[in-house]
Amino acid sequence: MIYDYRCKKCDNEFEEWLRMSEREEPMKNPCAELVDDEPCGGEIVQAVSAMAIGDSIRLGIKKPSGEFNAVMEKIHHGTVGSKLDSKMSQNQDRKQDTLSDRLKKYEK
Ligand SMILES: [Zn+2]
């Protein structure tokens, strides 16, 4: 099992391949990263692993009926918008028609 750790002080991140029972061992020692040639000594915390992030994304997909509704609303608005757009373009066509009609009158 790979565990990710991060130093609170210098943001140094590292991975340790440990048994689950050993996962708190790296947090017992201060950060050994050299900052200005001195050991950082910052507090080590367990970082969120890529696997945990993957889980939260999966949970996010499972949960969100609200988000789904929002997407549906967007789609709904999108269709309304496109209808309006087609109406607008129809109006523009009519304007162009009347313009060309006027031009035809001038031509006569
Ligand atoms: Zn550090």
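Residues numbered from 1 in each chain as written. Predicted model: local features only at pLDDT ≥ 70, side-chain atom pairs only at ≥ 80, totals over all residues.

J.: How should I be thinking about the overall build of the protein in this particular structure?
T.: What the protein contains, in helices and strands, is 3 helices and 5 strands. N-terminal to C-terminal, the α/β element order of the protein is β-β-α-β-β-β-α-α. Across the 108 residues of the protein, 5% fall into the buried class. Contacts spanning at least 24 positions in sequence make up 43% of the contacts within the protein whose residues lie at least 6 apart. (Helix = DSSP H or I, 4+ residues; strand = E, 2+ residues; numbered from the N terminus. Buried ≥ 20, exposed ≤ 12 C-beta atoms within 10 Å, placed from the backbone. Contact = placed C-beta atoms within 7 Å.)

J.: Help me understand the environment of L18, please; the structure alone is not making it clear to me.
T.: Here L18 shows up in the loop between β2 (13–17) and α1 (25–28). Separated by 15 residues in sequence, L18 and Y3 have C-alpha atoms that sit 6.9 Å apart. Ignoring anything within four residues of it in the chain, the contact list for L18 reads M1, Y3, R23 and E25.

J.: How should I be thinking about unusual backbone geometry in this particular structure?
T.: Working note: non-glycine residues mostly have negative phi, and peptide bonds are mostly trans. The phi dihedral of D36 falls on the positive side, at around 55 degrees, and the residue is not glycine. Here D36 lies in the loop between β3 (34–35) and β4 (38–39). The exposed category is assigned to D36, around which 5 C-beta atoms lie within 10 Å. A positive phi angle, near 65 degrees, is found at D37, a position not held by glycine.

J.: What exactly am I supposed to notice about the sheet that holds strand β5 (residues 44–46) here?
T.: Strands in a sheet are paired, the pairing made by backbone hydrogen bonds, and the direction either parallel or antiparallel. As summarised here, the arrangement of the 3 strands in space is β2-β1-β5, forming an open sheet in which the pairing is antiparallel. Two strands in the sheet have a free side with no partner beyond their single neighbour: β2 and β5. For this sheet the average axis-to-axis angle between neighbouring strands, irrespective of direction, equals 35 degrees. Bridge analysis of strand β1 (residues 2–7) against β5 gives 3 bridges, and the strand direction is antiparallel. Residue pairing in the sheet places R6 in a bridge with V45 of β5. (Pairing = 2+ DSSP bridges. Axes fitted to C-alpha atoms, helices over the stretch in contact; angles between N-to-C directions.)

J.: Hey, could you run me through the nonpolar core in this one?
T.: In a soluble, globular protein the nonpolar side chains are often hidden away together inside. One finds Y3, Y5, C7, C31 and I44 forming the largest nonpolar core, which totals 5 residues. If you tally residues by element for this core, the top one is β1, at 3 residues. Beyond its immediate sequence surroundings of up to four residues, I44 is in contact with Y5, C7, P26, M27, N29 and C31. (Core = buried A, V, L, I, M, F, W, Y, C linked by C-beta atoms within 7 Å.)

J.: Just checking my understanding: could you explain the confidence of the model for the protein for this structure?
T.: For any part of a model where pLDDT is low, the fine detail of the predicted coordinates should not be relied upon. Considering every residue of the protein, the mean pLDDT works out to 77; 61% of them sit at 70 or more. Mean pLDDT values for the elements of the protein range from 57 in helix α2 (residues 50–62) up to 96 in α1. (pLDDT = per-residue confidence, 0-100.)

J.: Looking at this model, I keep getting lost on the pairing of β2. Mind explaining?
T.: Each regular strand displays side chains that alternate between the two surfaces of the sheet. As paired strands, β1 and β2 are joined by 5 bridges and run antiparallel to one another. Paired with D4 across the two strands is E15, which belongs to β2. Counting the residues that bridge the hairpin from β1 to β2 gives 5 residues, and of these D11 lies at a positive phi of roughly 60 degrees.

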